Amino acid sequence: MVVHPGRMRMQAGATMIEVLVTLAVVVIGLWALLDLNIRLQVSEGEVYQRTRAMLLLDDMAERMSINRPAASYYVTDAATGLGAGVCADPLTASALVTRDRAQWCQALQSANQGQAARRTGTLIGGRGCIELLEDVPGEEYLLTVAWQGSMPLSPPPEGITCGKDQYDQPPGSACAGHADSCRRYVSTRLHLADLIQP
């Protein structure tokens, strides 16, 4: 069998091109896996925040259900709510409503999870709002927990005012310049039935 030297060189060149193409495909695949991993971590953080917010929402709904006669005293400012500012000390509060509000405020800020400076397990910019719904019969409240999301999505509906226009920061982040698209929320309606028979 006769081997031509020119054909050997062409075969060697074709192998080099195949190696370069394979290497490019592998690099693109690894880059896609890295991007997927980053997106999964962001999604996991969002799910954790939503779960924590739902637990806080259920906590306040339970507190208000237990203290039915004073439920109207739990109402907060519809936009600012609790958790955005300084919380009262629950140990110095004498009234149950004041103590509940202070404990919920601290839970929104996660001051009860270790050192206050570290704030581990917290909602980012968490705040809770309680509104009395006057357009429905009986005593019904809208409880909302809002927090800062990590990337812009569609903004909440107009009826959800808790934390409105407070989550478009920091400047230079993915949330800056997206009108209210980084505000996340969970809400529930709490209807307190009149348990006294006429």
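I will try to describe carefully the structure that is included in this document. Small disclaimer: the values here were computed from a predicted structure and weren't measured.

### Concerning the state of the cysteines
Right, so step 1: Under the criterion given, the structure shown has two disulfides.
Right, so step 2: In this model Cys87 forms its disulfide with Cys105; the gap between the sulfur atoms is 1.9 Å. As the torsion about the S-S bond is roughly -75 degrees, the Cys87-Cys105 disulfide counts as left-handed. Here Cys87 is found in the loop between helix H1 (5-66) and helix H2 (96-109), whereas its partner Cys105 is found in helix H2, with 18 residues between them in sequence. In this structure, Cys87 and Cys105 share a single accessibility class: buried.
Right, so step 3: The disulfide that involves Cys129 links it to Cys162, with 2.1 Å between the sulfurs. Of note, the bridge from Cys129 to Cys162 carries an S-S torsion of about 75 degrees and is right-handed in sense. In this pair, Cys129 sits in strand E1 (residues 127-133) while Cys162 sits in the loop between strand E2 (139-148) and strand E3 (183-192), placing the two residues 33 residues apart along the sequence.

### Considering the sheet that holds E2
Hydrogen bonds between backbone atoms are what pair the strands of a sheet, whose relative direction is either parallel or antiparallel.
Right, so step 1: Here three strands make up an open sheet; going across it, the order is E1-E2-E3 and the pairing antiparallel. Looking at which strands have only one partner, the edges of the open sheet turn out to be E1 and E3. Across the sheet, the mean angle from the axis of one strand to that of its neighbour is 20 degrees, orientation sign disregarded.
Right, so step 2: In this sheet, E2 lies alongside E1 in antiparallel orientation, the contact comprising seven bridges. Pairing of Gly128 across the sheet is with Val145, part of E2.
Right, so step 3: Packing against the sheet, H2 makes contact with E1 and E2, and its axis sits at approximately 135 degrees to E1.

### Re the nonpolar core
Right, so step 1: In this structure, Met64, Trp104, Ile130, Leu143 and Val145 are the most contacted members of the largest nonpolar core, which totals 25 residues.
Right, so step 2: Elements represented by at least two residues in this core include exactly H1, H2, E2 and E3.
Right, so step 3: For this core, the leading source of residues is H1, giving six residues.
Right, so step 4: Those residues in contact with Val145 that lie beyond four places of it in its chain are Ala53, Leu56, Leu57, Trp104, Leu108, Leu123, Arg127, Gly128, Arg184, Tyr185 and Val186.

### Overview of the pairing of E1
Right, so step 1: Summarising burial for E1: six of the seven residues are buried, a large majority.
Right, so step 2: Here E1 folds back onto E2, and the loop between the two strands holds five residues, one of which, Gly138, carries a positive phi near 85 degrees.

### Things to note about the environment of Gln148
Right, so step 1: Turning to its location among the elements, Gln148 is positioned in strand E2.
Right, so step 2: Along the backbone, Gln148 and Ser181 are 33 residues apart, and their C-alpha atoms lie at a distance of 9.4 Å.
Right, so step 3: Filtering out sequence-adjacent residues up to four positions away, Gln148 remains in contact with Gln49, Ile124, Tyr167, Asp168, Gln169, Cys175 and Cys182.
Right, so step 4: A polar atom in the side chain of Gln148 sits 3.4 Å from the backbone oxygen of Tyr167.

### Points about the pattern of salt bridges
Right, so step 1: Taken as a whole, this structure holds seven salt bridges when the rule is applied.
Right, so step 2: With a shortest N-O distance of 3.9 Å, Glu158 and Lys164 are connected by a salt bridge.
Right, so step 3: Using a relative accessible area of 62% as the deciding quantity, one classes Glu158 as exposed.
Right, so step 4: With a relative accessible area of 30%, Lys164 lands in the partly exposed category.
Right, so step 5: Between Arg183 and Asp180 there is a salt bridge; the shortest N-O distance is 2.6 Å.
Right, so step 6: In this structure Arg183 comes out as buried when scored by relative accessible area, which is 2%.

Rules and cut-offs
- Residues numbered from 1 in each chain as written.
- Predicted model: local features only at pLDDT ≥ 70, side-chain atom pairs only at ≥ 80, totals over all residues.
- Heavy atoms only, no water.
- Disulfide = S-S within 2.5 Å.
- Helix = DSSP H or I, 4+ residues; strand = E, 2+ residues; numbered from the N terminus.
- Buried < 20%, exposed > 50% of the residue type's maximum accessible area, 1.4 Å probe, protein only.
- Pairing = 2+ DSSP bridges.
- Axes fitted to C-alpha atoms, helices over the stretch in contact; angles between N-to-C directions.
- Contact = heavy atoms within 4.5 Å.
- Core = buried A, V, L, I, M, F, W, Y, C linked by side-chain atoms within 4.5 Å.
- Polar contact = N/O pair within 3.5 Å; in protein donor to acceptor, adjacent residues only side chain to side chain.
- Salt bridge = Lys/Arg side-chain N within 4 Å of Asp/Glu carboxyl O.

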